[in-house]
There are 4 protein chains.
Amino acid sequence: MHNSQYKPIIEALVACAAECEHCATACLQEEDVKMMVRCIQLDRDCSAICRTTADALARDSDNAKVFLEACATICAACGEECEKHAAHMDHCRACAEACRRCEEACRSLAGLIY
Amino acid sequence: MHNSQYKPIIEALVACAAECEHCATACLQEEDVKMMVRCIQLDRDCSAICRTTADALARDSDNAKVFLEACATICAACGEECEKHAAHMDHCRACAEACRRCEEACRSLAGLIY
Amino acid sequence: MHNSQYKPIIEALVACAAECEHCATACLQEEDVKMMVRCIQLDRDCSAICRTTADALARDSDNAKVFLEACATICAACGEECEKHAAHMDHCRACAEACRRCEEACRSLAGLIY
Amino acid sequence: MHNSQYKPIIEALVACAAECEHCATACLQEEDVKMMVRCIQLDRDCSAICRTTADALARDSDNAKVFLEACATICAACGEECEKHAAHMDHCRACAEACRRCEEACRSLAGLIY
């Protein structure tokens, strides 16, 4: 049954979406917001595609591979940007980790779909 | 910190969204799809508002109460419909439970916001 | 047929969502981003609920009134904040207008639903 | 200014999302719903990615190309399925047309982004 098979990756996706939404908000509270603009923009993209991909898996979509590959690409970009600020900002470190975990989960599952 | 405070309800919201997406798909596989049309329609509504509300909480939205109250109302409607089919269909039983849990979580949190 | 009946309001909703996404991005480019934080946060909420409400109308949702009322409330809050910056920022002026138009359209239609 | 440049494609995207939501609902009203299951499933995917892509363009996303290519692929699949029912069902004909127009717009714009 798909629901149990997809459960861990759906969890990685929704965890990543939540970290991205939170990271964007926390970035807006930083003293130097200008430095965080690219991070905020990528957070917005990443949250949207993670959430959309989670829904697609939950509905057992025939387009799962398309969603997963787009999601992995965007998670990688967001994770890379957050990583740059990870040493000084907890929200970016948590977000970078969630992005990496989500990217890997997406790539693994996409690789299993013909 | 809001992230830890909101964590359980965000989990209830995303779990409910996933159950609703899955329930709609499973309803489409039932022999008598006609009987499930209202359930599918409510699943679509409920998934959308749960996901939107989860994002709003994760971003620490000032409109949290508005999202939560709309979400509770729609979870109640969806849970009530799924309940009717719960005796014969696992996906509706699981969805009804997720809706009830989510509705309660939304109402509790909404009640704490002035 | 619902599609033609709802067409103008769906247009107001998706126009408002697009203006909000654009306004948030444009606010991040402003010199004094700190002053725009509340605007960006409300833009994110407003875009999400407008898009969710547009989908709900397009699917002829039984919960249309719930979505419309939540949407009107959030459009009002976003429009009010954007209005404060409208004299100096084109994106806020355009967004404030889109929010007002959308709020009115939502309230009108919600009033027609028992 | 991006807003005017992207306006026609955002319109194609939100029009396609609305047709897909409407088509799924109308399919559920058809006598032989079983025959429409694949169409409904693809409508759900297509609505989600169109809406997500519209938001991404409106926010001037650096990942625009990723969203556009995923969107074009899913629009093509949905349009192909709707086309099969276009002779007998107005909602599928309208949806197939919206998908084709949206697919083309996505491919054109994706081709312009390095």
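Up top is the structure these notes are about.
From a predicted model like this one, the values you see are computed outputs, not experimental measurements.

Regarding the pattern of salt bridges
All names here are of chain B.
Reasoning step 1: Tallied over the entire structure, the rule returns 40 salt bridges over all chains.
Reasoning step 2: Notably, a salt bridge pairs Lys65 with Glu69, separated by 3.9 Å at the nearest N-O pair. In this pair, Lys65 and Glu69 both sit in helix α3 (residues 64–85), 4 residues apart, roughly one turn of the helix.
Reasoning step 3: For Lys65, a relative accessible area of 25% puts it in the partly exposed group.
Reasoning step 4: Between Asp90 and Arg93 there is a salt bridge, with its nearest N and O atoms 2.4 Å apart. Of this pair, Asp90 and Arg93 both sit in helix α4 (residues 90–112), 3 residues apart, roughly one helical turn.

Side note on the packing of helix α2 (residues 37–58) of chain B against α4 of chain B
Residue and element names in this part refer to chain B.
Reasoning step 1: Taken N-terminus to C-terminus, the directions of α2 and α4 make an angle of 40°; their axes are 12 Å apart at the nearest point. If you check the angle between α2 and α4, you find them oblique. Between α2 and α4 lies a crossing whose hand is left-handed. Between α2 and α4, the residues in contact are Cys39, Asp43, Cys46, Cys50 and Leu57 and Cys92, Cys95, Cys99, Cys102 and Leu109, respectively.
Reasoning step 2: When the residues that make up the contact of α2 with α4 are grouped by side-chain class, the tally is 9 nonpolar, no polar and 1 charged.

Side note on the relation of the copies chain B and chain C
Reasoning step 1: For these two chains of identical sequence, chain B goes onto chain C by a turn of 180° and a shift of 0.0 Å along the axis, with RMSD 0.0 Å. With respect to symmetry, the two chain copies, as superposed, fit the operation of a two-fold axis. When C-alpha positions in chain B are compared against the rotation axis, the closest is assigned to Ala70 of chain B, at 3.3 Å.
Reasoning step 2: Mapped onto chain C, 100% of the interface residues of chain B again fall at the interface, so both copies present the same surface.

Considerations on the interface of chain B and chain C
The parts lose accessible area when they come together, and the size of an interface is often stated as this lost area.
Reasoning step 1: Taken together, the contacts link 19 residues of chain B with 20 residues of chain C.
Reasoning step 2: Counting the surface lost from both chain B and chain C, the interface buries some 1600 Å², and carbon and sulfur atoms represent 54% of this.
Reasoning step 3: Counting across the interface, chain B meets chain C through 4 salt bridges.
Reasoning step 4: Across the pair Asp62 of chain B and Arg38 of chain C runs a salt bridge whose closest N-O atoms are separated by 2.7 Å.
Reasoning step 5: At the boundary of chain B with chain C, the tally comes to 11 residue pairs in polar contact (both at pLDDT 80 or more).

Considerations on the relation of the copies chain A and chain B
Reasoning step 1: Rotating chain A by 180° and translating it 0.0 Å along the rotation axis places it on chain B, where the RMSD comes to 0.0 Å.
Reasoning step 2: Most of the interface of chain A is mirrored in chain B: 100% of its interface residues are interface residues there too.

A word on the interface of chain A and chain B
Reasoning step 1: Contacts between the two partners involve 15 residues from chain A, matched on the other side by 15 residues from chain B.
Reasoning step 2: Considering only the surface of chain A that becomes buried against chain B, Glu21, His22 and Asp55 of chain A emerge as the three largest contributors, covering 35% of it.
Reasoning step 3: Run the count over chain A and chain B and you get 4 salt bridges.
Reasoning step 4: Summed over the shared surface of chain A and chain B, the number is 8 residue pairs in polar contact (both at pLDDT 80 or more).
Reasoning step 5: A total of 8 residues in the side of chain A that touches chain B trace back to one element, the largest contributor, which is helix α1 (residues 2–29) of chain A.
Reasoning step 6: The residue makeup of the side of chain A that touches chain B, split by class, is 4 nonpolar, 5 polar and 6 charged.

A few points about the environment of Ala86 of chain D
Residues and elements named next belong to chain D.
Reasoning step 1: Mapped onto the elements, Ala86 comes out in the loop between α3 (64–85) and α4 (90–112).
Reasoning step 2: According to the relative accessible area criterion, Ala86 is buried, its value standing at 7%.
Reasoning step 3: Through-space distance from the C-alpha of Ala86 to that of Glu97 is 9.4 Å; in sequence the pair is 11 residues apart.
Reasoning step 4: Beyond its immediate sequence surroundings of up to four residues, Ala86 is in contact with Cys92 and Arg93.

A closer look at unusual backbone geometry
Reasoning step 1: In this structure, Asp60 of chain A takes a positive phi of about 60° despite not being glycine.
Reasoning step 2: If you trace the backbone, Asp60 of chain A turns up in the loop between α2 (37–58) and α3 (64–85).

With respect to the packing of α2 of chain A against α2 of chain B
Reasoning step 1: Interaxial distance between α2 of chain A and α2 of chain B falls to 12 Å at its minimum, and their mutual angle equals 150°. Put simply, α2 of chain A runs roughly antiparallel to α2 of chain B. Crossing hand, α2 of chain A versus α2 of chain B: right-handed. Each of Ser47, Arg51 and Asp55 of chain A in α2 of chain A lies in contact with α2 of chain B, whose residues at this interface are Ser47, Arg51 and Asp55 of chain B.
Reasoning step 2: Taken together, the residues that form the contact of α2 of chain A with α2 of chain B break down as no nonpolar, 2 polar and 4 charged.

Quick notes on the rules
Residues numbered from 1 in each chain as written. Chains lettered and ligands numbered in written order. Predicted model: local features only at pLDDT ≥ 70, side-chain atom pairs only at ≥ 80, totals over all residues. Heavy atoms only, no water. Salt bridge = Lys/Arg side-chain N within 4 Å of Asp/Glu carboxyl O. Helix = DSSP H or I, 4+ residues; strand = E, 2+ residues; numbered from the N terminus. Buried < 20%, exposed > 50% of the residue type's maximum accessible area, 1.4 Å probe, protein only. Axes fitted to C-alpha atoms, helices over the stretch in contact; angles between N-to-C directions. Parallel < 35°, antiparallel > 145°, perpendicular 65-115°, else oblique. Left-handed = near helix turned anticlockwise from the far one by under 90°. Contact = heavy atoms within 4.5 Å. Nonpolar A, V, L, I, M, F, W, Y, C, P; charged D, E, K, R; others polar. Least-squares fit on C-alpha atoms with pLDDT ≥ 70 in both. Buried area = accessible area lost by both parts, 1.4 Å probe. Polar contact = N/O pair within 3.5 Å; in protein donor to acceptor, adjacent residues only side chain to side chain.

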